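The primary structure of each chain is shown beneath.
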Amino acid sequence: MLILHCPCCGVDAEETELHAGGEAHIKRFGPGSDDDQFHDYLFMRENPKGVHFERWQHANGCGKWFHAARCTATLEVFGTYRAQTTEPPKDIRDAITAKRPGWVWREFS
Ligand SMILES: [Zn+2]
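Per an unreviewed UniProt entry, the protein goes by the name Sarcosine oxidase subunit delta and belongs to Ruegeria spongiae.

Undergrad: Would you take a moment to explain the nonpolar core for this structure?
TA: Most often, soluble globular proteins have nonpolar side chains that are buried together. Membership of the largest hydrophobic core comes to 14 residues, with the highest contact counts inside it found for Leu4, Trp56, Ala68, Ala69 and Ile96. When contributions to this core are tallied by element, the ones reaching two or more residues are strand S4 (51-57), strand S5 (65-71) and helix H2 (90-99).

Undergrad: Which parts of the structure should I look at to understand the sheet that holds S4?
TA: Strand pairs in the sheet, formed through backbone hydrogen bonds, run parallel or antiparallel to each other. Reading across the sheet, the 4 strands line up as S3-S4-S5-S6 and stay open at both edges, with antiparallel pairing between neighbours. Each having just a single partner strand, strand S3 (19-23) and strand S6 (77-82) make up the two edges of the open sheet. On average, each strand axis in the sheet is inclined to that of its neighbour by 30°, with strand direction left out of account. In the packing of H2 onto the sheet, contacts are made with S4, S5 and S6, and the angle to S6 comes to roughly 170°.

Rules of the game
Residues numbered from 1 in each chain as written. Predicted model: local features only at pLDDT ≥ 70, side-chain atom pairs only at ≥ 80, totals over all residues. Core = buried A, V, L, I, M, F, W, Y, C linked by C-beta atoms within 7 Å. Buried ≥ 20, exposed ≤ 12 C-beta atoms within 10 Å, placed from the backbone. Helix = DSSP H or I, 4+ residues; strand = E, 2+ residues; numbered from the N terminus. Pairing = 2+ DSSP bridges. Axes fitted to C-alpha atoms, helices over the stretch in contact; angles between N-to-C directions. Contact = placed C-beta atoms within 7 Å.

Okay, structure coming up:
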């Protein structure tokens, strides 16, 4: 079972208390964007076998949204952090690099 630490209320929440919200750190485009950018925003998602950043809601707890870094293949959780964070914190990126040498994704390398 997936257990994620909610950084908002401090509870280690089981999967049944959580609601998945899809990929984290999606770049949103404003009114001046073109059709390709809007298409990518709506439909294009990462689907890696490995390290992934996701949005989760502590739905049956505090109700707040947060981000989680985990491995989709092993369900190993590298860390969770507040949803207002625009990129993964350095300590989480370092934890991922320690366990997955050579890991690179987007601008967080
Ligand atoms: Zn919570």
